[in-house]
Amino acid sequence: MTPDITTDPSWEGWREMAVRAGIRSCWSVPIMAEGELLGTFAFYRQDTRRPADIEVDVVSMVGQVAALAIERHRVLAGEQAARRRELEAQADLKFVLDASLAVTGSLSYLGALQRLADLAVPRVAPMCAIDVLDDGGANLMRVAVRHAGERRLACAAPDLAGDEPVARVMRSGTAMVVQGDEGYVVMPLTARGRTFGVVSLRGTPEQPITERVVSLAGELARAAALAVDNARRHADSLRQVAALRRLSDRLSLLAQVSGVLTATLDMREALKRLARLVVPQLGDWAVVNLRTGEDTVERIAVVHRDGPERVPPGAEGTMPPIPPAGPDPLVRALRQGVTTLMGPAEIASPPGSDLQRRQHELFEAMGARSVIVTPLRSRRRVVGTLTVARADPVAGSYGADDVEVVQDIARRAALVVESARLYCTQRDVAEGMQRHLLTPLPALEGVELAARYVPAPEGSQVGGDWYDAMVLADGVPMVAVGDVIGHDVHAAAQMANLRSALRTLAWDGGGPPSAIMARLDSVLTHVSDIDLATLVLARIERRDEGRRLLRWTSAGHPPPLLVTADGRARFLNGGQGVLLGLDHGPASRPDAEETLPDLCTLLLYTDGLVESRATPLGEGMTRLRRHASALARLPVDPLCDRLLARLPPRHGDDVALLAVRVRAGEG
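Residues numbered from 1 in each chain as written. Predicted model: local features only at pLDDT ≥ 70, side-chain atom pairs only at ≥ 80, totals over all residues. Heavy atoms only, no water.

Student: Got a minute to help me understand the sheet that holds strand β6 (residues 184-191) in this structure?
Tutor: Think of a sheet as strands paired side by side through backbone hydrogen bonds, with each pair either parallel or antiparallel. Across the sheet, which stays open at both edges, the five strands sit in the order β4-β3-β7-β6-β5 with antiparallel pairing between neighbours. Of all the strands in the sheet, the pair left with one neighbour each is β4 (140-147) and β5 (176-178). Across this sheet, the average inter-strand angle for adjacent strands is 15°, counted without regard to direction. With three bridges connecting them, β5 and β6 associate as antiparallel partners. If you follow Val177 over to β6, its bridge partner there is Val185. (Pairing = 2+ DSSP bridges. Helix = DSSP H or I, 4+ residues; strand = E, 2+ residues; numbered from the N terminus. Axes fitted to C-alpha atoms, helices over the stretch in contact; angles between N-to-C directions.)

Student: I keep staring at helix α7 (residues 329-336) and nothing clicks. Help me out?
Tutor: In an α-helix there are 3.6 residues to a turn, and that puts residues three or four apart on one side. Pro329, Leu330, Val331, Ala333 and Leu334 are the residues of α7 that are buried. Check the buried side of α7 and you find it contacts β8 (285-291), β9 (297-304), β11 (340-342), α9 (354-366), β12 (370-377) and β13 (382-390). Of the residues trailing α7, Gly337 is marked for its positive phi of about 70°. (Buried < 20%, exposed > 50% of the residue type's maximum accessible area, 1.4 Å probe, protein only. Contact = heavy atoms within 4.5 Å.)

Student: What is the right way to read the packing of α7 against α9 from this model?
Tutor: It is at 8 Å that the axes of α7 and α9 come closest, and there the two elements cross at 125°. Put simply, α7 runs oblique to α9. When α7 is examined against α9, the residues Pro329, Leu330, Val331 and Leu334 are found in contact with a partner set consisting of Leu355, Gln356 and Gln359. Broken down by class, the residue content of the contact of α7 with α9 amounts to five nonpolar, two polar and no charged. (Parallel < 35°, antiparallel > 145°, perpendicular 65-115°, else oblique. Nonpolar A, V, L, I, M, F, W, Y, C, P; charged D, E, K, R; others polar.)

Student: I keep staring at the layout of surface pockets and nothing clicks. Help me out?
Tutor: Estimated volume of the largest pocket: approximately 310 Å³. Every residue along the wall of the largest pocket is listed here: Ala243, Arg246, Leu247, Asp249, Arg250, Leu253, Gln281, Leu282, Arg390, Asp401, Asp402 and Val405. Every element with two or more residues in the lining of the largest pocket is listed here: α5 (211-262) and α10 (400-437). In terms of residue count, the dominant contributor to the lining of the largest pocket is α5 (six residues). Across the lining of the largest pocket, the residue classes break down as five nonpolar, one polar and six charged. (1 Å grid on protein atoms, 1.4 Å probe; cavity = no way out; pocket = protein on both sides within 12 Å on 5 of 7 lines; lining within 4 Å. Points joined across faces, edges and corners; volume = space filled by probe spheres on them.)

Student: What exactly am I supposed to notice about the packing of aromatic side chains here?
Tutor: In this description, a pair of aromatic rings is defined by centroid distance and the angle of the planes. A complete count under the given rule lists four aromatic pairs for this structure. Pairing Trp27 with Phe43 gives two aromatic rings, centres 5.0 Å apart and planes at 20°, and the pair type is stacked. Of this pair, Trp27 sits in strand β1 (residues 25-33) while Phe43 sits in strand β2 (residues 36-45), placing them 16 residues apart in sequence. Residue Trp27 is classed as buried on the basis of its relative accessible area, which comes to 7%. (Phe/Tyr/Trp six-rings, centres within 6.5 Å; stacked < 30°, edge-to-face > 60°.)

Student: So what exactly am I meant to see when it comes to empty space enclosed by the protein here?
Tutor: One water molecule sets the probe size; rolling that probe over the atoms shows where empty space is left. One pass over the full model with this rule turns up two cavities of 30 Å³ or more. Approximately 50 Å³ is the volume attributed to the second largest cavity. If you go around the second largest cavity, the residues you meet are Met1, Thr2, Pro3, Ser25, Cys26, Trp27, Thr48, Arg49, Arg50 and Pro51. Classifying every residue of the lining of the second largest cavity gives five nonpolar, three polar and two charged.

Student: What exactly am I supposed to notice about the sheet that holds β13 here?
Tutor: The six strands lie next to each other as β10-β9-β8-β13-β12-β11, forming an open sheet whose pairing is antiparallel. One side of each edge strand has no neighbouring strand; the edge strands of this open sheet are β10 (317-318) and β11. When β12 meets β13, the two strands line up antiparallel, connected through eight bridges. Across the sheet, the residue bridging to Ile372 is Val388, located in β13. Set on the sheet, α9 makes contact with β8, β9, β10, β11, β12 and β13; between it and β9 the angle comes to about 10°.

Right, dumping it as structure tokens:
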């Protein structure tokens, strides 16, 4: 209380102003709430009278009412602030959820990022831009932008090498924030340790950058980064799946090519099958050329996806001579072994040789927009060419992967051609040697002979099967059929050694078949390099009463088959011993005997006639007996031919067959 302000020193600075206002005294009461001083309630008077107690009580009551009002206002203000914060939190949460939904279910990040920018403006800031590195990682692209007012952000992303906030954040991977009316926030888009873009928000005086905006910008950046990363990972997965599918298709095609090429030893047929296989998988049409000489080539296959009617008449056949050199793709492939990928310009260019002109005639007749010409190159030389072409513009042009596949196929085809040519050469040499070693049969008194040798239908087509017939020093005919283990030229050479040794031992030593066989076995065991062999050896002796006696021994060989003139047939199972070459010591070999009736037929044969992987030995021998019985009345030469026709050799085994017919009245 100040009873007189004119004398109170505390009013020194205010006294003059108070006097002018007519104030002479002042008293006040505190405004308190829960022990806290909220303010004062003051009364000013124009006199110096001391206030009455009732006046003091009234003023005190007014102060209390004021305290209650202030406290109530504070409570209401706190509740309103809390409500605002709750609403902001709900709005922020909804924004985060909306941002998550904006990038969910979309594998195109461009659309997702634009939806995020649309969400951010104006809910978070008046301006938003999102920049992302391109697929190569060299340039920044502005892929989404949104404005709420007249102020605009640039539609192009800044230079990565510049000093703008976006470029600096891209380099550092750290956010930049400037709060206030003209502030901004730039948040990096980061995933798996790599920064690949930014989200930029700019403020205005009406909507400044605040801590809340910075927080929401972080959520926006996380959603944008998730959208970009998921989309690019999905794209990578699709590319990987496509690459795996292409690899699988390529491996499948190569497996089919290998199967087709190795399914036959006829190289022309194999290459024709190859052309039919690569169309339409690799192109709309294909051509295979086979080199037939140093300067000559033959077109052996032209295949179109729409069928043979699309192939021009006379497309296959002999081609013009190969020029010594030249820029034409076909010439370069044949002379230099070079693969050429031809586009529309190369296809339309005029040919530089008659050979290439024939190729261009196909381009014009069947259409071509993209062509691969590759050599069939073996280990030693170019044996031909493979051309594949696309005529459909929808299919697009060939690429490096296509060239690699075609070259791989061509290499496989070339190896097959080379192998087939080597096989043919070996087959011709081996068959010639085999037939040369199997000398003509001798003319024998009272006995007719017929023999056949059939090479194996598979493999080297030559083996160790053989037959022989000769007259011994005592005038007795000897017949033999044997089989040296193996089916190659080496086996044929061993067969020749065995046959020569048998002839020498049989002529020089004489004796029963078992004795000759024993001496032969000793020679093979100690002198020859022959591993194992089977042999049936027989003498056809004349008895005193004029009949013929068959005396034979067998070294692990199928038994002879005796067929009478009336068709009764049985196997002669006697005289069996172990194979030649087993070194079984001095143990004797058995002989067996059988009287031969007039007009009977004795068949000596190798196992290729009766046994195969598909036919057990017992079943094969039963078939042989049945067919031989049915053919018993035929002359021996037709009998051999018909028997081989009914029992052809199978699965890589050759056959030797010797038929002996005892003439009527000669027994």
